Amino acid sequence: MNEPVVIVGAGLAGLRAAALLQSNGISCRVLEARDRIGGRVLSMEAQDMPELGKFDLGPTWFWPDHEPVITNLVKELGLSTTEQYTSGEMLYEQSKTGPIQRHVLPEGAVERSVRLAGGIQSLIDAIASTLPSGTIELNTRVTAIQLDDQVTIEAEELTGKKKSIHAGAVILALPPRIIAERIDFSPSLPDGILASMKDKRTWMAGQAKAVAIYDRPFWREDGLSGQVTSWSGPLQEIHDASPETGYGALFGFFGIPAKIRQELGEEHLHYLVIDQLTRLFGPSAEKPMAFLYKDWAGDPQTAVEQDLPPLTSFPDYGLPAGISSWGKRVIFAGTETAPGHGGHLEGALLSAERAASVLMKLVDENKL
C-alpha cells in the first residue's frame, strides 16, 4: 500500500487503531477536528490549581473483572490505577424537603471498578506517545470522502485552509451520527447504511457532568461512601472522585435535560449543584476549592440534535447495517460500532482492534 491509512478521530479508538497499525509497519495519519486528543475522554485540572490533580469529565472507570482488553493495555503501558471508593453508606434522596436515607449495600452489590491515576487522559497520552511524531493533526476537520480507485479525503484546518489527502484506506473513528451529518461521501452512502448510522445514539452525548473538589474527602469521616441516588437533583447520580493526594472530590451526572441545562446556564447549575451537595453532605460541602463542568450535549464534535435526550440504557451497538456493500477501503471504529461493551472504553478498544485487524488482513491479501 503506497498511501498511508488515514484515521479520522483521535479518541481512544482512533489512537489505538493507529498504534496497532504502526506497530505492524503500516503508516498512518490521524486527523482530529478538536484542538486536543482524547475525544470524549476529558481529564481536567482546576484553573490555576494543578496541584489538585486531574478529574474526569468524560469516562471515569473500567471494570477489570470483565473488561480484559483495557485491563491488559493499562498493565502493558504501566499506568497506575486506584479502586473506586465504595466503603460506607450511600444516600437516597427522594425530594429536596424529605429525609435523606442512608443505606449500607450488601457485600458484593457494587462491582469492583477502577480509575486511572491522572484520569483516563493518561491512557490517551500513553497510547499517543507510541506514535511517530507528526502522526496526529489537530484542528483538522474532515468534510468529504471520495472513493474511486483510491480514497481522497477533503479536510479543513482551523484557519480555513483546505487540503486533499490521498489514502490507501480510511478508518472512521467517530460517532456514526457525526459521520452521517458532517461528512459528504462520493459515491453517496446507501440509504440503509445512513439510516443505520443515524439510528446509533451517541453514548454520553446527552449527558453533563460536574466535579466539586475539596481539601479532603470529609464525607468518609461520617461513614459515607460518597455515592448518592437522587430523584430531586440536579445531580441524579453522585460518586466519590477523590484522588490519592489527600484532596476530596465528588462528581455527578445531571438528571436535568440538555435543553433545560442550556437555558439555565453554567453559573446557575453551579449554584444548584453546590446547594444539593450541601443538602446531602452538610456545611463542609458548601465551599469547594474548585468546580468543574462539562456539558457534552453542547459539544459539536460529540452531539447532534437527536442526541439531546440522554440514554438510559446501553443500546445494541455494532457495525452499521450493510456497510460491506460500500467498499473495503472505509472501515468503522468507535465504541458505537463495537461488537460488545458498546459505550464503554472497552468497546472503543475492541472496535479499534477489529478495524486494525480487518485492514491488516486486506494488506496481507494485497487487496489494498
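Residues numbered from 1 in each chain as written. Predicted model: local features only at pLDDT ≥ 70, side-chain atom pairs only at ≥ 80, totals over all residues. Heavy atoms only, no water.

## Topic: the pairing of strand S1 (residues 5-8)
Because side chains alternate across S1, one face comprises the buried residues Val-5 and Ile-7, and the other comprises Val-6 and Val-8, equally buried. Summarising the sheet, S1 and strand S2 (residues 28-31) pair through four bridges and their orientation is parallel. Its bridge partner being in S2, Val-6 is matched across the sheet by Arg-29. Regarding topology, helix H1 (residues 12-23) serves as the crossover connection from S1 to the parallel S2, and that connection is right-handed. (Buried < 20%, exposed > 50% of the residue type's maximum accessible area, 1.4 Å probe, protein only. Helix = DSSP H or I, 4+ residues; strand = E, 2+ residues; numbered from the N terminus. Pairing = 2+ DSSP bridges. Right-handed = clockwise from strand over helix to strand, strands pointing away.)

## A closer look at the nonpolar core
Val-5, Ile-7, Leu-12, Leu-21, Ile-171 and Leu-359 are the most contacted members of the largest nonpolar core, which totals 44 residues. At the level of secondary structure, the elements contributing two or more residues to this core comprise S1, H1, S2, helix H2 (68-76), strand S8 (114-116), helix H3 (121-128), strand S13 (169-172) and helix H8 (345-364). For this core, the leading source of residues is H8, giving nine residues. (Core = buried A, V, L, I, M, F, W, Y, C linked by side-chain atoms within 4.5 Å.)

## A short note on the packing of aromatic side chains
Applying the stated criterion to the full structure yields nine aromatic pairs. Each ring, one from Tyr-92 and one from Trp-231, has its centre 6.3 Å from the other, and the planes form 20°; the classification is stacked. In this pair, Tyr-92 sits in strand S6 (residues 89-93) while Trp-231 sits in the loop between strand S16 (224-230) and strand S17 (235-240), placing the two residues 139 residues apart along the sequence. For the ring pair Tyr-214 and Trp-219, a centre distance of 6.2 Å and an interplane angle of 75° mean the geometry is edge-to-face. On the basis of relative accessibility, which here comes to 1%, the residue Trp-219 falls in the buried class. Clustering of aromatic rings is evident, with ring pairs tying together Trp-61, Trp-63, Phe-251 and Phe-253. Cation over ring: Arg-220 sits above Tyr-85, and NZ or CZ is 3.7 Å from the ring centre. Sitting above the plane of the Trp-296 ring, Lys-294 keeps its charged end 4.8 Å from the centroid. (Phe/Tyr/Trp six-rings, centres within 6.5 Å; stacked < 30°, edge-to-face > 60°. Lys NZ or Arg CZ within 6 Å of the ring centre and 35° of its normal.)

## Here we look at the sheet that holds strand S12 (residues 162-167)
Taking strand neighbours across the sheet as the criterion, the four strands line up as S12-S11-S10-S14 in an open arrangement whose pairing is mixed. Across the chains shown, the open sheet's two edge strands, defined by having one partner strand only, are S12 and strand S14 (184-186). The average undirected angle you get between the axes of adjacent strands in this sheet is 25°. Alignment of strand S10 (residues 140-147) against strand S11 (residues 151-157), held across seven bridges, turns out to be antiparallel. Counted as the bridge partner of Gln-146 is Thr-152 from S11. (Axes fitted to C-alpha atoms, helices over the stretch in contact; angles between N-to-C directions.)

## Details of the packing of H1 against H8
Put simply, H1 and H8 touch, their axes get as near as 8 Å, and they point 40° apart. The chirality of how H1 crosses H8 is right-handed. For the pair H1 and H8, contact is made by Leu-12, Ala-13, Arg-16, Ala-17, Leu-20 and Leu-21 and by Leu-345, Ala-348, Leu-349, Ser-351, Ala-352, Glu-353, Ala-356, Leu-359 and Met-360, respectively. Of the residues assigned to the contact of H1 with H8, the class counts are 12 nonpolar, one polar and two charged. (Left-handed = near helix turned anticlockwise from the far one by under 90°. Contact = heavy atoms within 4.5 Å. Nonpolar A, V, L, I, M, F, W, Y, C, P; charged D, E, K, R; others polar.)

## Some details on the pairing of S13
Residues Ala-169 and Ile-171 point to one face of S13 and Val-170 and Leu-172 to the other, with burial holding for every one of them. With four bridges connecting them, S1 and S13 associate as parallel partners. Across the sheet, residue Ile-7 finds its bridge partner in S13, namely Ile-171.

## A look at H1
Compared with the 16 Å implied by 1.5 Å per residue over 12 residues, the 16 Å span of H1 between its first and last C-alpha is a close match. Buried residues dominate H1, accounting for 10 of its 12 residues. All of the buried residues in H1 are Leu-12, Ala-13, Gly-14, Leu-15, Arg-16, Ala-17, Ala-18, Ala-19, Leu-20 and Leu-21. A positive phi of about 80° marks Gly-25, the residue just after H1. (Expected span 1.5 Å × (residues − 1).)

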